[in-house]
Amino acid sequence: MGFGSYDESEQREQTSEDEEDVKAVNVHENDHDGQLSFESDLSTNELVSQLDGMKDDDNDD
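Caption draft 1: Highlighting the overall build of the chain. Helix and strand counts for the chain stand at two helices and zero strands. Taking all 61 residues of the chain together, 0% fall into the buried category. For the chain, the exposed area adds up to about 6,900 Å²; of that, 44% sits on carbon and sulfur atoms.

Caption draft 2: Local environment of a nonpolar patch on the surface. A grouping of Phe38, Leu42 and Leu47 is seen on the molecular surface, where their side chains present a nonpolar patch of about 300 Å² in accessible area. Looking at the secondary structure, you find Leu42 in the loop between helix H1 (8-11) and helix H2 (44-59). Owing to a relative accessible area of 35%, Leu42 belongs among the partly exposed residues under this scheme.

Caption draft 3: Region of the structure containing a negative patch on the surface. On the surface, Asp52, Asp56, Asp57, Asp58 and Asp60 cluster together to form a negatively charged patch. Mapped onto the elements of the fold, Asp60 is located in the segment after H2.

Cut-offs used in this document
Residues numbered from 1 in each chain as written. Predicted model: local features only at pLDDT ≥ 70, side-chain atom pairs only at ≥ 80, totals over all residues. Heavy atoms only, no water. Helix = DSSP H or I, 4+ residues; strand = E, 2+ residues; numbered from the N terminus. Buried < 20%, exposed > 50% of the residue type's maximum accessible area, 1.4 Å probe, protein only. Areas by Shrake-Rupley, 256 points an atom, 1.4 Å probe, with all protein chains shown as cover. Patch = residues over 30% accessible without salt bridge, like charges linked within 9 Å, V, L, I, M, F, W, Y side chains within 5 Å. Salt bridge = Lys/Arg side-chain N within 4 Å of Asp/Glu carboxyl O. Lys, Arg positive; Asp, Glu negative; His and termini not counted. Charge placed at Lys NZ, Arg CZ, Asp CG, Glu CD.

Right under this line is the structure:
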């Protein structure tokens, strides 16, 4: 076999021996029904201005 060649039989139906042992993931296991709050000395306009600055930095890449 040359460089880049492969045996097609190896590409068919690849299964793991552990496939039957895989458990389902519960995406709601760590849900939180509480509230979140924070305090800041900055005004809403100052916070929005900072957010706009971060967005501009991301767009410069």
